[in-house]
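Coordinates in review
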Protein chains: 2
Amino acid sequence: MALKARVLYDFNSENPGEISIRENELVTLFSEEELEGWLEGENSRGEAGLFPASYVEIIRDHITASSNNGLSSLKVKALPPTHSQRGLGAGSGGDSFHTSQGSDDDWDDEWDDSSPATDVPQGLSSAPPLYPVTTSLPGRRGSAQQHQQQAKSSATVGRNLNRFSTFVKSGGEAFLLGEASACVRDGDRICVVMGKHGPEWQEDPYPFTCTIDDPTKQTKFKGMKSYMSYGLTPTHTNVQVNRRYKHFDWLYARLVERFPVISVPHLPEKQATGRFEEDFISKRRKGLIWWMNHMTSHPVLAHCDVFQHFLTCGADEKAWKQGKRKAERDELVGANFFLTISTPDVPLDLQEVESKIEGFKTFTKRMDENIVVVNTTINEFARKQMAGFKKEYQKVGQSFKLLAQAFEMDQQAYSGGLNKAIAYTGETYEAIGEHFAEQPRHDLDPISDLLDLYRGHLANFPDIIHVQKGALTKVKDCPKQEGELHNRCNIISCATLAEIQHFHRTRVRDFRSQMQHHLRQQIGFFQKITAKLEDALQRYDEDQ
Amino acid sequence: MALKARVLYDFNSENPGEISIRENELVTLFSEEELEGWLEGENSRGEAGLFPASYVEIIRDHITASSNNGLSSLKVKALPPTHSQRGLGAGSGGDSFHTSQGSDDDWDDEWDDSSPATDVPQGLSSAPPLYPVTTSLPGRRGSAQQHQQQAKSSATVGRNLNRFSTFVKSGGEAFLLGEASACVRDGDRICVVMGKHGPEWQEDPYPFTCTIDDPTKQTKFKGMKSYMSYGLTPTHTNVQVNRRYKHFDWLYARLVERFPVISVPHLPEKQATGRFEEDFISKRRKGLIWWMNHMTSHPVLAHCDVFQHFLTCGADEKAWKQGKRKAERDELVGANFFLTISTPDVPLDLQEVESKIEGFKTFTKRMDENIVVVNTTINEFARKQMAGFKKEYQKVGQSFKLLAQAFEMDQQAYSGGLNKAIAYTGETYEAIGEHFAEQPRHDLDPISDLLDLYRGHLANFPDIIHVQKGALTKVKDCPKQEGELHNRCNIISCATLAEIQHFHRTRVRDFRSQMQHHLRQQIGFFQKITAKLEDALQRYDEDQ
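Rules behind the numbers
- Residues numbered from 1 in each chain as written.
- Chains lettered and ligands numbered in written order.
- Predicted model: local features only at pLDDT ≥ 70, side-chain atom pairs only at ≥ 80, totals over all residues.
- Heavy atoms only, no water.
- Pairing = 2+ DSSP bridges.
- Helix = DSSP H or I, 4+ residues; strand = E, 2+ residues; numbered from the N terminus.
- Axes fitted to C-alpha atoms, helices over the stretch in contact; angles between N-to-C directions.
- Contact = heavy atoms within 4.5 Å.
- Buried area = accessible area lost by both parts, 1.4 Å probe.
- Salt bridge = Lys/Arg side-chain N within 4 Å of Asp/Glu carboxyl O.
- Nonpolar A, V, L, I, M, F, W, Y, C, P; charged D, E, K, R; others polar.
- Phe/Tyr/Trp six-rings, centres within 6.5 Å; stacked < 30°, edge-to-face > 60°.
- Buried < 20%, exposed > 50% of the residue type's maximum accessible area, 1.4 Å probe, protein only.
- Lys NZ or Arg CZ within 6 Å of the ring centre and 35° of its normal.
- Polar contact = N/O pair within 3.5 Å; in protein donor to acceptor, adjacent residues only side chain to side chain.
- pLDDT = per-residue confidence, 0-100.

1. Points about the sheet that holds strand β5 (residues 56-59) of chain B
Residues and elements named next belong to chain B. The strand order across the open sheet formed by five strands is β4-β3-β2-β1-β5, and the pairing between neighbours is antiparallel. Of all strands in the sheet, those bounded by a partner on one side alone are β4 (48-52) and β5. Going across the sheet, the axis of each strand differs from the next one's by a mean of 45°, ignoring polarity. Bridge analysis of strand β1 (residues 3-7) against strand β2 (residues 26-29) gives four bridges, and the strand direction is antiparallel.

2. Considerations on the interface of chain B and chain A
Every contact between the two is made by 64 residues of chain B and, on the other side, 64 residues of chain A. Taking both sides of the interface into account, the surface hidden between chain B and chain A amounts to around 6,400 Å²; carbon and sulfur atoms contribute 71%. Remark: the boundary between chain B and chain A carries four salt bridges. Every element with two or more residues in the side of chain B that touches chain A is listed here: α12 (350-408), α13 (416-438) and α16 (483-538) of chain B. Broken down by class, the residue content of the side of chain B that touches chain A amounts to 33 nonpolar, 18 polar and 13 charged.

3. Observations concerning the packing of aromatic side chains
Under the counting rule described, the total for this entry stands at 58 aromatic pairs over all chains. Between W250 of chain A and W320 of chain A, the ring centres sit 6.0 Å apart and the planes meet at 55°, which makes this aromatic pair tilted. With W250 of chain A in helix α7 (residues 245-258) and W320 of chain A in helix α10 (residues 317-328), the pair connects residues that are 70 residues apart, well separated along the chain. Measuring from ring centre to ring centre gives 5.1 Å for F248 of chain B and F310 of chain B, while their planes differ by 70°; the resulting arrangement is edge-to-face. Pair noted here: F248 of chain B is in helix α7 (residues 245-258) and F310 of chain B is in helix α10 (residues 305-312), with a separation of 62 residues, a long-range link. Note on F310 of chain B: relative accessible area 0%, which makes it buried. Above the face of the F310 of chain A ring, R243 of chain A is positioned so that its terminal group lies 5.5 Å from the ring centre.

4. Thoughts on unusual backbone geometry
Even without being glycine, N238 of chain A reaches a positive phi, approximately 60°. Secondary-structure assignment places N238 of chain A in the loop between β10 (225-234) and β11 (241-244). The phi angle at N24 of chain B is positive, at roughly 75°, despite the residue not being glycine.

5. Details of the environment of R243 of chain B
Residues and elements named next belong to chain B. Looking at the element boundaries, R243 is found in strand β11 (residues 241-244). Its relative accessible area of 5% is what places R243 among the buried residues. With 68 residues separating them in the primary sequence, R243 and L311 have C-alpha atoms 8.9 Å apart. The contact partners of R243, leaving out residues within four places of it in the chain, are M228, S229, Y230, L232, F248, H309, F310, C313 and W320. Within polar-contact distance, the side chain of R243 engages the backbone oxygen of F310 at 2.8 Å.

6. Focus on the pattern of salt bridges
For the structure on display, the rule yields 50 salt bridges over all chains. Between D330 of chain A and R258 of chain A there is a salt bridge, with its nearest N and O atoms 3.0 Å apart. Within this pair, whereas D330 of chain A is found in the loop between α10 and β12 (341-342), its partner R258 of chain A is found in helix α7, the two being separated by 72 residues in sequence. Across the salt bridge formed by R507 of chain A and D410 of chain B, the nearest N and O atoms sit 2.5 Å from each other.

7. Thoughts on the confidence of the model for chain A
The predicted structure's coordinates, where accompanied by low pLDDT, should not be read in detail. Residues and elements named next belong to chain A. In this model, chain A carries a mean pLDDT of 78, and residues with pLDDT of at least 70 account for 78%. When pLDDT is averaged over each helix and strand of chain A, the minimum, 33, is found for helix α3 (residues 90-101) and the maximum, 95, for helix α12 (residues 416-438). Between residues 62-156, whose pLDDT stays under 50, and residues either more than four places distant or in other chains, the model counts 184 contacts. The ipTM for the predicted assembly is 0.73, set against a pTM of 0.72.

Structure below.
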């Protein structure tokens, strides 16, 4: 009997030799042997080829159940190439972990924005909202965690079959099974407190913000290489530091591996070519400003060592390398992150947690779907205003000017004032057309930027939810009600709910202020048009 | 040698057997024999067929010049069918003059708006501005004049070769040649005075206006026939009279034959089918209001007997018929109209007149061309606002509502106010879309209605100019400087310039007020939008 597997997540083939598979589909395996994280088989449409091993779950008959144990001893293999890596050469793909962890010499390398050797989700904000794919993409949430300690196995409950699930990769499972251990200093402690609306991160006692100046173009190697440098000035030091996009990138990788259930804001899209073009630079800067805003307003992220190092370390190369090395050797990543969390005294009700998480999952799914529609609509609206609306108003303006030109052929003195007024009205409409074309950058683009940032968060949450759900499932499956297991599950739940609460608060704050900004801009725009028309109207009273 | 003819005016073939010919083109005639006003020949593109005899001028060699005199004795033949008649059956076309002059019983006939037997230019306002065609179309300016006295021939200067030219048809030639004679009462006298800007009609000492109520649907023959009745209330009597479109139509025909060099405003378009539809009724009423405005504000037209009869005669059938018969038997039409005109003491300088007329001709041509562009543009703009603009704003509104719906899935208390505000913003944008769709009827349609009216005037002026130019040419050709001929030419020039002056005054008045109206409406529109957005913005402060 042929070996079958059930597909856990949608996978779309992108290269020759691969096949697309759909969630819940049954595929026939040609062999149980994985090849660098890939399996070969045939899907239900009769297509044969490769697909990521971690996207499917092998089905074994009850008769062969005894051989099941063999699976749990599956070694951790190389991850299947991620979407972003697959498009690149095999060599650079393999280097990515190394680069992300970085050697001290990296900063002097030709490791530029356009380098393929950085492992940040790219193009995420413009991708369609494939929720299950987002949930499962291996390597999306910091592929560096895989070297986490997963050796000790003293747990009384079984391990996950899928060694590539986020629950495992994030260190959630290891922590739950009591395998995490590290020295936690007081300064590393993160408090979840019980707020009005449930668990929340303890409020930031030393809030600060950070400005990002217009980037400047820098060159090195006698002008052979050029890059953009951003001046950052955090309010708590008021000292400017200069950072390149690759520094943000490095920081992002550190944060993702450091904080398993925190939604680290995505960096704005990378762009390999034309990255010095004004529009792109301006858009990336706005994206970085939003990113910074979400970093500094997050009570946990804002004060973590690596971010502070990034914000405050000056031009001293040695100090920088020291902090960099420290961050890369940080022990409190993944599973150990949970060791740093202090929870409220009274443990949460598991059922309530489950219902809250379920509600949030539904919410994020809907929000993700709907902001895609909003984004498409306002981008289309912006395009229409910049093209069609502008053209229509300008055509009307031109036709009024034509009318005035015809009228000017009549030399009656009493007609002169009218002719000028009509010509002026024509110019007014042309100007209104220009205003329509300029307006989207003031009131639609900012919403679009915000939606991009939120699409990043929404792409993070399936993994976060996955970790919490993995813990909850483990606890439910546990034959004896182990106190320690419950405690650890409670820690994960508290952190997850605190992060969800933080998301909601930030969301309400951001969308309120952004909608207000949008409306104020629109009001200003229509007032400007009204004033222009009033000005034109006045011309009809002159010279009468 | 084949007989050739030079084309005087463009003619577009509309029926099988006809060929199109262009101004200045040379056509080869198959025969000099006309067949009911048509000639047969071949145009320069080698097409053979029929074209109106009056649109060409036969070219005779110098050798055959002696036979040229034969041309001047050509008898007045039936006019070639006009464009509007040609589309109809031969029978009804032939009846049109009869009907236009009307028997007393006509009012009880089934002579309804949709009857083909009325000879009013139709669809003129929507036709492209074919200036030369407009100049020449026989029958356009009241075909009833052809029965004018043209018998007496005591003039010392030659007659026009083209017996169908407007100069001849209008009675201009007959008047100039001293052939007009009628009894002019004091009440019929029309004064041209010398104003600041040249000759003008003496100001109306008893100005009045006239309102047109919403039309009501009337039926007769036990509901078998239905028609719309308009209630007219002139301010100088303040008594309402009821008139049907056919009454306007009859009046129009009387005015056109009565006043050769006055631009009688065209009636709004007729429409055979669907004439009870709300939009059409509303559009026709607006057209009639504009028409009435131009009638009552014209010093000559406003007080002429037939118009006063139309405005003031009540439901007394006998009185109506009496006035109707009187108008139809009016002797002071065509050539005799000029007998009623008193001119300023000092005659005009012929050269100056010529230059003014030439300037006006250029002006009208340009104005006609340009208002076609304006009309097309604003109609397209209206269409865009009613479709595209509306759709875009509504799509944005709907997408905001979707965002609010997603947010409502989150039950956080502090999110409620924001959710409502975003939903309200969505509704606001939907409403703004509706406003965009409704706006054109307030600020673009009125301009379009005005342009329609002016396209009618511009179509009238080529004929008016033609009459004046015909007179001027005659005077220049005159071997002896005949005092009487000069006097009569001066009368025609004075009347023409007075009419042109009136046109300019009315144009400046109308376009000033209409542009002001347009801008005020636009300002109100954008203020309304601004207020709606401000209302939406306030919602974000509530419940916070």
